[in-house]
Amino acid sequence: MVGRASCAVGLALALLLSSCNLPGLPAPSASATPANTSRVSHLQLSEAEDAQTLDPALIDDPTSLAIGAEIFQGLTRLDVTLRPVPALAQSWEITDSGRAYTFHLRAAKYQSGATVQAQDAVTAWKRALAPKTASPLTTFFAPLGAHYPGDALNGVQAVDQKTLVVRLPQPDSSLLTRLALPPYWLDDPGLNGGVSSGTGPYRLDKWNRGRGLHLSAFSDYWGPRPQVRGVDIEVEPDNPKRLDRFTSGAVDIAHGFTGPQLLAFARDPKHLSELHKVANTRTTFLGFNTVAGSGYGPPDRMAIAQAIDKGRLTDLALYGSMLGAPATDLVPPGVAGHLDRPLTGFDPISARTGLDQAGFPAQIGLYFSTNSTVGRVARDLQDQISSATGRTVNLHPTGDFFNRAALDQLPLFIDTWSADFPYPSDVLDNLLASNAQFNNLRLTDSQVDGDLAAAKAATTWEAAIKAYQHAEEIVLADHRLIPLYSGVEPYLVRSGLKVPFSGGTIAYRWEDVR
């Protein structure tokens, strides 16, 4: 998907929401799609980029993901709390201590007219893993024991036309979330020649590559009838022209604008209600490496946290907070399990006192990648920490940041993580687990590892989320890292139109627009 490595800047999209009271596992018999009372019959959208592909095995960019989510479906989907609920599977059971999932498929049709069968999942997933498909998404089959093109798909069996059994080598509570996203989406295996046919509420009628797409509501959709009957998407890479199209009233929803553009747009009070800052799955933080940064003790780390005004940081470095929001958690709001935690606040007097009492030296080195956004952040942190603590902060833009971080050569650094799927394991397992590839903190904590393992093995939503939240709490309480800001993706929405922006990697659903 769009962001596998740390410091990735993909536009995986999500609503700025707090999931501190997440519900339990879905009642599988519950309705998967709410009733739609929309009076909007047609939407005109404007995108900066065209979809790269509408093949569920290959979708790896934000535009393709947003459009593909309306054409294709998986066994599950994610509701507004990022909780997996029934989609093509109307119910399921989890047995064998989280190692076996039995899915019962609903009566659904592809847009080709064919009926969905359990064997279609086996076919689609094997195709995604086939070397000739060259899918960039094979690592998403990790819970099934497959990681690379050519790996075998074991443990997946179509018992009959409507029953699919998935057996995992080890429990993995992320499975139900992953099933809601590509490469797990199903399309009609009976079609060849590059033609795709999904089961979603909209079907593709026309695709003029590089210029636009037209989609219409699928009349045999298994869920509630979409009231938005037609959607046109124009592709306009020129930002000023795209903004003009919106302000002239020719476009209902548009996004992909720069920070300066949005600042100018928001200066007009009448536009404020049209600007919606939708959080994505990206989070940026300060990290202390336990090897190179061993000189930073708990009081020192707390003092540096007290030296940072996150509101000022996002205002100055992120264009009036148009591209980010002050972090209240390491897990960003677009990922399940996010909490609005009472993190250490800005207290410059305590910051200076703490470092003075600890006998902390007069120099602080701050390392970061050469990304321009991170550079602005670093310069403001330099000013803030220097002013608050009386220390000199030396900036070290690092061209080989990732290599040096992996070699434990960066004592104090700015890092960014962009989750590929909106489940806390994508953030916490990668950043906090001992020996994880992207654990640039070089953190080794048996209690954190125990919580992460318990979360992965959990068979209920509540237990998994609680364990992930506790693992993160341990690290934050010790100030092993300092969350700085969560990324946002601004959308412009025509006045009078109601768009229920939802969480995860998909910003909103066309069928939910009112």
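Fair warning: this is a prediction, and the values are worked out from it, not measured in the lab. (Residues numbered from 1 in each chain as written. Predicted model: local features only at pLDDT ≥ 70, side-chain atom pairs only at ≥ 80, totals over all residues. Heavy atoms only, no water.)

1. Digging into the overall build of the protein chain
Moving on, step 1. Summing up its helical and strand segments, the protein chain has 13 helices and 17 strands in all.
Moving on, step 2. Relative to its length of 514 residues, the protein chain is compact, with a C-alpha radius of gyration of 23 Å against a globular reference of 24 Å.
Moving on, step 3. Its C-alpha atoms give the protein chain principal-axis dimensions of about 75 × 60 × 40 Å.
Moving on, step 4. Considering the protein chain as a whole, with its 514 residues, one finds that 58% of them fall into the buried category.
Moving on, step 5. In the protein chain, the share of contacts with a sequence separation of at least 24, taken over all contacts with a separation of at least 6, comes to 73%.
Moving on, step 6. Carbon and sulfur atoms make up 51% of the accessible area of the protein chain, which totals about 19,700 Å².
Moving on, step 7. Averaging the positions of the 43 positive and the 51 negative side-chain charges in the protein chain gives two centres separated by 4 Å. (Helix = DSSP H or I, 4+ residues; strand = E, 2+ residues; numbered from the N terminus. Rg over C-alpha atoms; globule rule 2.2 N^0.38 Å. Buried < 20%, exposed > 50% of the residue type's maximum accessible area, 1.4 Å probe, protein only. Contact = heavy atoms within 4.5 Å. Areas by Shrake-Rupley, 256 points an atom, 1.4 Å probe, with all protein chains shown as cover. Lys, Arg positive; Asp, Glu negative; His and termini not counted. Charge placed at Lys NZ, Arg CZ, Asp CG, Glu CD.)

2. A look at the nonpolar core
Moving on, step 1. Membership of the largest hydrophobic core comes to 107 residues, with the highest contact counts inside it found for F103, W125 and L164.
Moving on, step 2. If you tally residues by element for this core, the top one is helix α13 (residues 461-477), at 9 residues.
Moving on, step 3. Setting aside chain neighbours within four positions, we find W125 in contact with L75, F141, L144, L153, V156, L164, V166, L179, P183, Y184 and L186.
Moving on, step 4. In this structure, Y296, L318, L366 and A388 belong to the second largest nonpolar core, which totals 29 residues. (Core = buried A, V, L, I, M, F, W, Y, C linked by side-chain atoms within 4.5 Å.)

3. Considering the pairing of strand β10 (residues 230-235)
Moving on, step 1. With 5 of 6 residues buried, β10 lies mostly within the body of the structure.
Moving on, step 2. Pairing between strand β1 (residues 42-47) and β10: 6 bridges, direction parallel. Counted as the bridge partner of L43 is V231 from β10.
Moving on, step 3. Here 5 bridges tie strand β9 (residues 212-217) to β10, and the two strands are oriented antiparallel to one another. Residue pairing in the sheet places L215 in a bridge with V231 of β10. (Pairing = 2+ DSSP bridges.)

4. What to know about the sheet that holds strand β5 (residues 100-105)
Moving on, step 1. Taken in spatial order, the 4 strands line up as β4-β5-β7-β6 in an open sheet, and their pairing is antiparallel. Only two strands of the sheet have a single neighbouring strand rather than two, namely β4 (89-95) and β6 (156-160). With strand direction ignored, the average angle separating the axes of adjacent strands in the sheet is 20°.
Moving on, step 2. Relative to β5, β4 runs antiparallel, the two sharing 6 bridges. Its bridge partner lying in β5, S91 is registered against H104. (Axes fitted to C-alpha atoms, helices over the stretch in contact; angles between N-to-C directions.)

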